[in-house]
Amino acid sequence: MNNQTDIKERIRKNLIWKSIFRRDYRNTVRDRAQAVFGNIFLHLHPVQVREGAVRLRFTWGMGGITFFAFIILVITGVVLMFYYHPSIEQAYSDIKDLEFQVPFGVILRNLHRWGAHFMVIVVMIHMFRVFMTGSYKAPRQFNWGIGVILLVLTFLLSFTGYLTPWDQLGFWAITVGTNMGAATPLLGYQGPFSEFLHITPFNDVRFALLGGSRVAGNALLRAYIWHCVAIPLVSVILMFVHFWRVRKDGGISKPQK
Amino acid sequence: MNPFIEIITQPDNIAIVIMIIMVTFFTLWAFQQAFDNDKLIAAGKPVDGENEGLVDTFKPLVRIELIIALVVMVFLTFWSIVVDAPLEEIANPTLTPNPAKAPWYFLGLQELLVYFDPWLAGVVLPTLIIVGLIAIPYIDINPRGNGYYSFEERKFAIVTFSFGFFILWLLLIVIGVFFRGPGWLWYWPWQEWDHSRVVFEPTRDLSNVIGIDSRSLPGFIIGAIVVNGYLVAGMVAPYRYLKKKMPDFLKQFGMIRYLVTTFLFITMMSIPVKMVLWLVFHIKYIWITPWFNV
Ligand code: HEM
C-alpha cells in the first residue's frame, strides 16, 4: 500500500508528468472545473451541465454518437487513403489488395463502410429526437438549420464515397444519382427550359458533377476529392459551429414553460 | 436459400435492418416519454426534467461519453468482424444492372421517380425537403413543447413531421430496398426476381379519363386548371377554415408564414396524391406542357 502511493507520488512529481498535466488534480470544485476548461477537447463542454445531459433518456446521446461515428470515419478513412489511388486503372485493384494483401485491410474497409451506414442512421435519429423534444424552438432555430445542412453533408459524404471502389455497385449508383443533375430545371440538359440557355450534355450540371459527360476517370477524381477533402472540411467547420451554438444557446434544451 | 432471408442478409441491407430496429426502438421511447409528459401536464405537474439541477462535466458527463464511445466502437467492430463489405465486379459501363439502385438513403427519392418526372423527384422535391426542414423552426411558432417530449401540445407539428419522416422518407426507403426488383417492379421479399417479367400497365393522363387528348390544347388547359387549382385551393381552403375557427392564431401567424407553410404542406401532400392517382387510377400525368410534365 505504502509502496503504491509512493510510486504514484513519484510519477506525479515527475518532470515529464508535470509538463503534460500542468497541475495536480485533487477532486475539488476548482479542480473539476479546471479539468474541463484546461483541456482543449473537454472544454467543448461547459463546466457543469444539466442532469438531462447525463441521463440518456433525453438526448439518447445521439448527436455525440454521430460525432463519434464521424471521428471513426476520419481515422479509418485516412488509413484507407494510404492504400488507394483515385484512378480507374488502380482503384478497384487497390480495394482487392485491401482484401487480400493489406494486414487487417478487410476490417479497416468494413469499419469504414459500416461506420458510414451507421452515421447516416444515427444522424437521422438525432434529428428525430431534436424534433420530438421541440429543441429547434427559440433560441435554437439557427442551430437546427446548421443541423439540416450537416444532415445533407452526411448523405453527400456517403454518396461520394460510394464511387471510390470503382465497382458495379458504386458506378451505377452514381450514374443513377448524377442523372438527376441532368434533369435540373434550366441547368440540366434534360431539364425543363434548359433549351433557352443553350444547355447541352457538355455544359450542364451533370457535366460539372462528373467532369465529363459520363462516369469515368474525372468523375472518380472529383468524387474522391469531394469525399476525402472538400466535404469533410466543410462538415468539420459546421460541426464546430453547431457545437458552439449548442453552448451559446444555453446548452441542451430544458423544459421551458 | 429462402429469398426473404437472402435479401435481408445481403451485407448492405443489414444496415437497413439495423436502421429499422433502431428507429423503432427510439420512436417507441420518444412517444412513451411524450405521453408520460402529457399525463403530467394534464395533472398540473412539472414535466420530466423541469426541476432538474446541474452536474459536473468532469467526471459524470465525461464518463458517460467514454462509455458510449466504447459501446459504439465495440458494436461497429463486431459488425465489421461478422459482415464483410461487398465488392462487386469492376465497373463496366456496358453492363447495366437491373435494377440499378441508388444508395439506400436516396431510395425514397428514387421511388418518387415512379410517380414524378426526374426534374421534380430528383431536383425540386429534394430541394424543397431541405428548405422545408430549415423552415420548420420559423414557421412553428407554437411556444409550447420546447425542451421536453410531448404530443398533446403540438399535435399538428408532430403528426406532419412524422408523416414525412416515417412514411415519405423511411417507408419509401424500405420499399426501395426490399420490394423493388428488375424493371423497378414490385416484388415481395419472398418472391424470386424474374428478369423477363414485363408488366403492361395501360397508362393515361388525367384528361384522357374524360376523353380529351392530354396533348391537345383543351387537355393542356384542363391540366393547367387542375394543377394550379390544387395549389390555389390548397392555400386558400385552410385560410378560410382558420379565419373562421382560429382568427387570433391566423393573425399572429402572419401572411408570409401562412403562405410558406401551406405551400410546403400541399407540396408534401402532392406525393401521396400522385401515388394514389397512379396506383389506383393509373393516371400518369396531370398536366402535359411542351416544356415539362406534372
Ligand atoms: C453531422 C451531424 C451532426 C452532429 C455531429 C451533431 C451533433 C450534436 C450534438 C453533439 C449535440 C448535443 C446534444 C445531443 O447530443 O443531442 C447536438 C444538438 C443539436 N443538434 Fe445536432 N448534430 C448533427 C446533425 C444535426 C441535425 C441533422 C439536426 C437537425 C436537423 C441537428 C440539430 C440539433 C439541435 C437543434 C441541437 C440542440 C438540441 C438541444 O439543445 O436539445 N443536428 N448536435
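In this text, all values refer to a predicted model and were calculated from it rather than measured experimentally.

Thresholds, definitions, all that
- Position numbers for residues start from 1 in each chain and track the written sequence from start to end.
- Here chains are named by letter from A upward and ligands by number from 1 upward, in the order in which they appear as written.
- Since the coordinates come from a predicted model, pLDDT governs what is reported: local features require at least 70, and pairs of side-chain atoms require 80 or more to be given and counted, while whole-chain, interface and lining totals use all residues.
- Computation of side-chain values: all heavy atoms of the structure, hydrogens and water removed.
- Put simply, DSSP H or I for four residues or longer makes a helix, DSSP E for two residues or longer makes a strand, and each gets a number counted from the N terminus.
- All radius of gyration figures rest on C-alpha atoms, and the globule criterion is 2.2 Å times the number of residues raised to 0.38.
- Burial classes: relative accessible area under 20% of the type maximum marks a residue as buried, over 50% as exposed, and values in between as partly exposed (1.4 Å probe, protein chains only).
- By the convention used here, residues are in contact when the closest approach between their heavy atoms is within 4.5 Å.
- Only the protein chains shown count as cover for residues, and all accessible areas are computed by the Shrake-Rupley method using a 1.4 Å probe.
- Charged-residue counts in this description rest on Lys and Arg as positive and Asp and Glu as negative, His and the chain ends being excluded.
- A charged residue contributes its charge at one atom only: NZ of Lys, CZ of Arg, CG of Asp or CD of Glu.
- If even one non-hydrogen atom of a residue comes within 4 Å of a molecule or strand, that residue is called near it.
- Pairing of N or O atoms within 3.5 Å defines a polar contact, subject to two protein rules: one partner must be a possible hydrogen donor and the other a possible acceptor, and residues neighboring in sequence count only if both atoms are side-chain atoms.
- Gly is put with the polar residues, along with every residue not named as nonpolar or charged; the nonpolar set is Ala, Val, Leu, Ile, Met, Phe, Trp, Tyr, Cys and Pro, and the charged set is Asp, Glu, Lys and Arg.
- Residues enter a nonpolar core if they are buried and are Ala, Val, Leu, Ile, Met, Phe, Trp, Tyr or Cys, with the set joined through side-chain atoms within 4.5 Å.
- Domain ranges listed in this record stem from an automatic or a database domain assignment.
- Accessible area, probed at 1.4 Å, shrinks when two parts are joined; the buried area is that loss added up over both.
- For this document, the term salt bridge refers to a Lys or Arg side-chain nitrogen within 4 Å of an Asp or Glu carboxyl oxygen.
- Multiplying 1.5 Å by the helix residue count minus one yields the expected span of that helix.
- Only nitrogen, oxygen and sulfur atoms within 2.8 Å of the metal, or 3.2 Å for Na, K and Ca, are treated as donors, and water is left out, so sites may look incomplete.
- Geometry is assigned from donor-metal-donor angles: four donors are tetrahedral when every angle falls between 85 and 135 degrees, four are square planar and six octahedral when opposite donors sit over 155 degrees apart with all other angles between 65 and 115, and any other arrangement is irregular.
- pLDDT expresses, on a scale from 0 to 100, how confident the predictor is about each individual residue.
- Angular values range over 0 to 180 degrees, each being the angle between N-to-C directions of two axes fitted as lines to C-alpha atoms, with helices fitted over their stretch in contact.
- Any angle that is under 35 degrees is reported as roughly parallel, and any over 145 degrees as roughly antiparallel; angles of 65 to 115 degrees are reported as roughly perpendicular and all others as oblique.
- Left-handed is the label given to a crossing in which the near helix is rotated counterclockwise from the far helix by less than a right angle, and right-handed is the label when the rotation is clockwise.

Draft legend 1. Local environment of the overall build of chain B. Looking only at helices and strands, chain B features 9 helices and 1 strand. The C-alpha radius of gyration of chain B comes to 24 Å, more than 25% above the 19 Å expected for a compact globule of 294 residues. Here chain B holds 294 residues, and 46% of them are scored as buried. Across chain B, every contact between residues at least 6 apart in sequence was considered, and the portion connecting residues at least 24 apart equals 66%. Working note: accessible area of chain B is about 15800 Å², and carbon and sulfur atoms make up 71% of it.

Draft legend 2. Here's a closer look at the overall build of chain A. The helix and strand inventory of chain A stands at 11 helices and 1 strand. Order of helices (α) and strands (β) in chain A, N terminus to C terminus: α-α-α-β-α-α-α-α-α-α-α-α. A compact globule built from 257 residues would reach a C-alpha radius of gyration of about 18 Å, whereas chain A, at 24 Å, exceeds it by more than 25%. Referenced to the eigenvectors of the C-alpha coordinate spread, the extents of chain A come out at roughly 80 × 55 × 30 Å. Sequence-distant contacts in chain A: of pairs separated by 6 or more residues, those separated by 24 or more amount to 60%. About 13000 Å² of surface is accessible on chain A, with carbon and sulfur atoms providing 67% of the total. For chain A, the distance from the average position of its 27 positive side-chain charges to the average position of its 13 negative side-chain charges is 14 Å.

Draft legend 3. Representation of the site of the ligand in the model. Residue and element names in this part refer to chain A. Residues in close proximity to the ligand total 26 residues, the closest being His126, Arg129, Gly147, His242 and Ser253. Within the side chain of His126, one N or O atom sits 2.8 Å away from a nitrogen atom of the ligand. In this structure, Arg140 approaches the ligand through a side-chain N or O atom, which is 3.1 Å from an oxygen atom. Mapped onto the shell around the ligand, the elements with two or more residues apiece are helix H5 (62-81), helix H7 (105-132), helix H8 (141-163) and helix H11 (217-248). Taken together, the residues of the shell around the ligand break down into 13 nonpolar, 11 polar and 2 charged.

Draft legend 4. View of the nonpolar core. Core analysis: the largest hydrophobic core is formed by 125 residues, its most contacted members being Met124 and Trp144 of chain A together with Met19 and Trp104 of chain B. Looking at this core, the element that brings in the most residues is H7 of chain A, giving 17 residues. There are two domains that each give this core at least three residues, and those are domain 1 (1-53 + 103-196) and domain 2 (200-294) of chain B. When sequence neighbours within four positions are dropped, the list of residues in contact with Trp104 of chain B reads His117, Val120, Ile121, Met124 and Tyr162 of chain A together with Ile16, Met19, Ile173 and Val177 of chain B. Core analysis: the second largest hydrophobic core is formed by 5 residues, Ala35 and Leu42 of chain A together with Phe58 and Val62 of chain B among them.

Draft legend 5. View of the interface of chain B and chain A. Opposite the 94 residues of chain B that make contact, chain A presents 88 residues. Of the roughly 8600 Å² buried at the junction of chain B and chain A (both faces included), carbon and sulfur atoms supply 71%. Sorting the residues of chain B by area buried against chain A places Leu87, Asn146 and Tyr149 of chain B first, and these three jointly supply 8% of that buried surface. In this structure, the connection of chain B to chain A is made through 6 salt bridges. Of the charged contacts in the structure, one is a salt bridge between Asp12 of chain B and Arg113 of chain A, with a shortest N-O distance of 2.8 Å. Counting across the interface, chain B meets chain A through 44 residue pairs in polar contact (both at pLDDT 80 or more). Listing elements by their share of the side of chain B that touches chain A, those giving two or more residues are helix H2 (11-42), strand E1 (54-56), helix H3 (57-82), helix H5 (118-139) and helix H6 (155-178) of chain B. Considering each element in turn, the side of chain B that touches chain A owes the most residues, 18 residues, to H3 of chain B.

Draft legend 6. Representation of the pattern of salt bridges. Overall, the coordinates contain 12 salt bridges over all chains when judged by the stated rule. Here the salt bridges share partners, and the residues they tie into one network are Arg50, Glu51 and Arg55 of chain A together with Glu52 of chain B.

Draft legend 7. Highlighting helix H1 (residues 2-13) of chain A. Taking 1.5 Å as the rise per residue, H1 of chain A with 12 residues should run 16 Å; its terminal C-alpha atoms sit 16 Å apart, in good agreement. Little of H1 of chain A is tucked away: 0 of the 12 residues are buried.

Draft legend 8. Expanded view of the domain arrangement of chain B. Residue and element names in this part refer to chain B. Taken domain by domain, chain B holds domain 1 (1-53 + 103-196) and domain 2 (200-294). Taken together, the contact between domain 1 and domain 2 spans 20 residues of the former and 23 residues of the latter. Counting each side, the surface lost to burial between domain 1 and domain 2 is near 1900 Å², with a carbon and sulfur contribution of 78%. If you sort the residues of domain 1 by the area they bury against domain 2, Tyr115, Ile139 and Ile141 come out on top, with a joint share of 32%.

Draft legend 9. Looking closely at the coordination of the iron atom of the ligand. All names here are of chain A. Those protein atoms acting as donors to the iron atom of the ligand are His126 (NE2) and His242 (NE2), and they sit at 2.0 to 2.1 Å. In this structure, the iron atom of the ligand is coordinated by 6 donor atoms arranged in octahedral fashion, with angles at the metal of 87 to 179°. Of this pair, His126 sits in helix H7 while His242 sits in helix H11; the two residues are 116 residues apart in sequence, bridging distant segments of the chain. Each member of the pair, His126 together with His242, is buried.

Draft legend 10. Expanded view of the environment of Leu242 of chain B. Residues and elements named next belong to chain B. Relative to the helices and strands, Leu242 is located in helix H7 (residues 217-245). Residue class for Leu242 comes out buried when judged on its relative accessible area of 13%. Expressed as a C-alpha distance, the spacing of Leu242 and Thr77, which sit 165 residues apart in the sequence, is 54 Å.

Draft legend 11. How the structure looks around the confidence of the model for chain B. Residues and elements named next belong to chain B. Confidence along chain B averages 93 in pLDDT terms, with 100% of residues attaining 70 or more. The element-level mean pLDDT for chain B is lowest in helix H1 (residues 3-8), coming to 79, with H5 highest at 97. Across the whole predicted complex the pTM is 0.94, and at the interface the ipTM reaches 0.94.

Draft legend 12. Here's a closer look at the packing of H7 of chain B against helix H9 (residues 255-281) of chain B. All names here are of chain B. Where H7 meets H9, the axes come as close as 9 Å, and the angle between the chain directions of the two elements is 125°. Here H7 is positioned oblique relative to H9, judged by the angle of their axes. For H7 against H9, the interelement crossing comes out right-handed. Taking contact as the criterion, the partners of Tyr230, Leu231, Gly234, Met235, Val236, Pro238, Tyr239 and Leu242 in H7 are, on H9, Met255, Tyr258, Leu259, Thr262, Phe263, Ile266, Met269, Ser270 and Val273. Its residues assigned to classes, the contact of H7 with H9 comprises 14 nonpolar, 3 polar and no charged.

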